[in-house]
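Here's the letter readout for the chains.
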Amino acid sequence: MLYNEFRPKRFSDIVGQGHITEIIRNQVVKKNVSHAYLFSGTRGTGKTTTAKVLAKAVNCLNPKDGEPCGTCEMCKKIEDGNCIDVIEMDAASKRRIEDMRNIISSLNYPTTEAKFRVIILDEVHMLTQEAVNAFLKTLEEPPQNTIFILATTDPQKLPATILSRCQRFNFRRVSIEDIYKRLKYISEKSSIKVDDKSLVLISKVSDGGMRDAVSILDQVKDLNNVSYKEVSELLGVSGNENMFKLSSYIFQRNIPASLELINYLDNQGIDFNVFIKDFMRFLRHILMSKVMGSEANSVIPMTDTDITRLSNLKVTKGEVINTIELFQKIDSKDRTSLELAVIKAGSFVGKPAEGKSNKGVENTNYNEVDFEEKVKKITFAKKQMVENFKKLPQYKALGDTFEKSKMFINKVMEIKIVPATLKEKNILEEGYTWLEKGYKQFSGISDLKIIICDNGGKC
Ligand SMILES: Nc1ncnc2c1ncn2[C@@H]1O[C@H](COP(=O)(O)OP(=O)(O)O)[C@@H](O)[C@H]1O
Ligand SMILES: [Mg+2]
Ligand SMILES: [Zn+2]
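The structure displayed is predicted, hence computed values, not measured ones. (Residues numbered from 1 in each chain as written. Chains lettered and ligands numbered in written order. Predicted model: local features only at pLDDT ≥ 70, side-chain atom pairs only at ≥ 80, totals over all residues. Heavy atoms only, no water.)

Asker: What exactly am I supposed to notice about the sheet that holds strand β1 (residues 36-41) here?
Answerer: In any sheet, the strands associate via hydrogen bonds between backbone groups, in a parallel or an antiparallel arrangement. One open sheet holds the 5 strands; their spatial order is β2-β3-β4-β1-β5, and the pairing between them is parallel. Both edges of this open sheet fall to β2 (86-90) and β5 (167-171), since each of them pairs with a single strand only. Pairwise comparison of adjacent strand axes, ignoring direction, gives a mean angle of 15° for this sheet. Note that β2 and strand β3 (residues 117-122) share 5 bridges and pair parallel. (Pairing = 2+ DSSP bridges. Helix = DSSP H or I, 4+ residues; strand = E, 2+ residues; numbered from the N terminus. Axes fitted to C-alpha atoms, helices over the stretch in contact; angles between N-to-C directions.)

Asker: Could you clarify how one ought to interpret the packing of aromatic side chains in this entry?
Answerer: Given two aromatic rings, one states the distance between the centres and the angle between the planes to describe the pair. Applying the stated criterion across every chain yields a total of 13 aromatic pairs. Relative to Tyr185, the ring of Phe6 lies with its centre 6.3 Å away and its plane at 85°, an arrangement referred to as edge-to-face. Taken together, the positions of Phe6 in the loop between α1 (2-5) and α2 (18-29) and Tyr185 in helix α8 (residues 176-189) put the pair 179 residues apart, joining distant regions of the chain. The class for Tyr185 is partly exposed, based on a relative accessible area of 39%. Taken together, the ring pairs in this structure connect Phe244, Phe275, Phe279, Phe282 and Phe327 into an aromatic cluster. When the ring centre of Tyr228 is taken as origin, the NZ or CZ atom of Lys197, which lies over that ring, is 3.9 Å away. Sitting over the ring of Trp434, Lys437 keeps its end group 5.4 Å from the ring centre. (Phe/Tyr/Trp six-rings, centres within 6.5 Å; stacked < 30°, edge-to-face > 60°. Buried < 20%, exposed > 50% of the residue type's maximum accessible area, 1.4 Å probe, protein only. Lys NZ or Arg CZ within 6 Å of the ring centre and 35° of its normal.)

Asker: Just to check I follow, could you spell out the pairing of strand β7 (residues 414-418) for this structure?
Answerer: Regular strands place side chains that alternate from one sheet face to the opposite one. Of all 5 residues making up β7, 5 are buried, and the element is well covered by its neighbours. In β7, alternate side chains face the same way, and those of Glu414, Lys416 and Val418 on one face and Ile415 and Ile417 on the other are all buried. Taking the residues between adjacent antiparallel strands as the criterion, strand β6 (residues 406-409) and β7 are bridged by 4 residues, where Met413 takes a positive phi near 60°. Note: β7 against strand β8 (residues 449-452), 4 bridges, orientation parallel. In the strand pairing of β8, Ile417 is matched with Ile452.

Take a look at the structure:
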């Protein structure tokens, strides 16, 4: 794999994180390294790589300006993963207290061959509560000559007690230009024939993640004849298809299709934590395309074809914002949360119109601006009615109930009124003619259908 082959071996090879690597390199020079670091940031931006370079730099027998030499016995051992004093633990798979105890107990012995024992805890936010607690004690009284390097994509999941004991560095998304340069370098070194335009495209769609960029190059290198067209086709089908599907279903309020897709993804073994984050970024891109129009091409890390698809999604700015806000409220990023979110999002307005296709939101045909206008008018109508009913003693109960009940409007101008209790349902049904008249009169829209739903929401 190219990304292993081209894992940077020195600080100066790590691209786009100069604000971090310079500080750490200087600490090595001044023999002033911290006993605990926290590396946070998006995946594939160089956290594990930097941790490994640091492990080498502090243990190298011939370091130069804080950089590891790469050729001494220690550098080689660490590079090959054969140094027993440098421990890498992936907390995503080893997250239990027993795993942590193994590491902690090893700290009681002096190092075997290295000057510094370096413990790299990858994806540290995945540790169980117990494991975190055990680790915290160690961090409070750090053993001599030990350096802990914690890496995580999710620092907000770590307790403040851990955060406050680490020197913290946030890894940035790598710029398109820096990714491009690196890809150019790699393709030249490994004689991959690929044109500049394709490299720029790959750099753009990787969205700041160097690992993704290098993996794409890896796929591309197997194409016989790498042309821009082929590269964009490869990118078109690989990354965003599930995102497009899910967003279409959500905007269509097609809850069953959304849930089915989630089930399919689960069977494929996707990591929901990653997927939900990516999906939220995808929603942001939709919003950008709605807000910025053709200007959006520069800020959305996708192919032009995908950006066009984004802007063709039938959804309003407001609906996208609502959906994003809803997703922001998800606190644990797992399957259940995603399911809840799509159900809630699907309940905003109502079910898709009868007889219209559920497949692909592109099929529904209505005027968005017009719809938003109508919703405003209908909302206004409800307010007017509530005020009027409440003024008249014989209609006061209807006014109160109507005010409390939920209202959903769908694209075919069906207004669904959902009461909280059966009693309230009866009150609304008695007032049906008044409600119907009122809606039409105050909104000025004549083709409205009023539906009183069950208190459970069925209608
Ligand atoms: N900043 C970077 N500069 C150069 N290559 C990088 C950088 N970040 C990631 N890579 C490439 O991606 C691979 C994975 O990077 P890694 O450090 O494991 O990412 P992280 O730990 O942040 O998820 C590396 O082997 C390397 O090929
Ligand atoms: Mg990593
Ligand atoms: Zn060395």
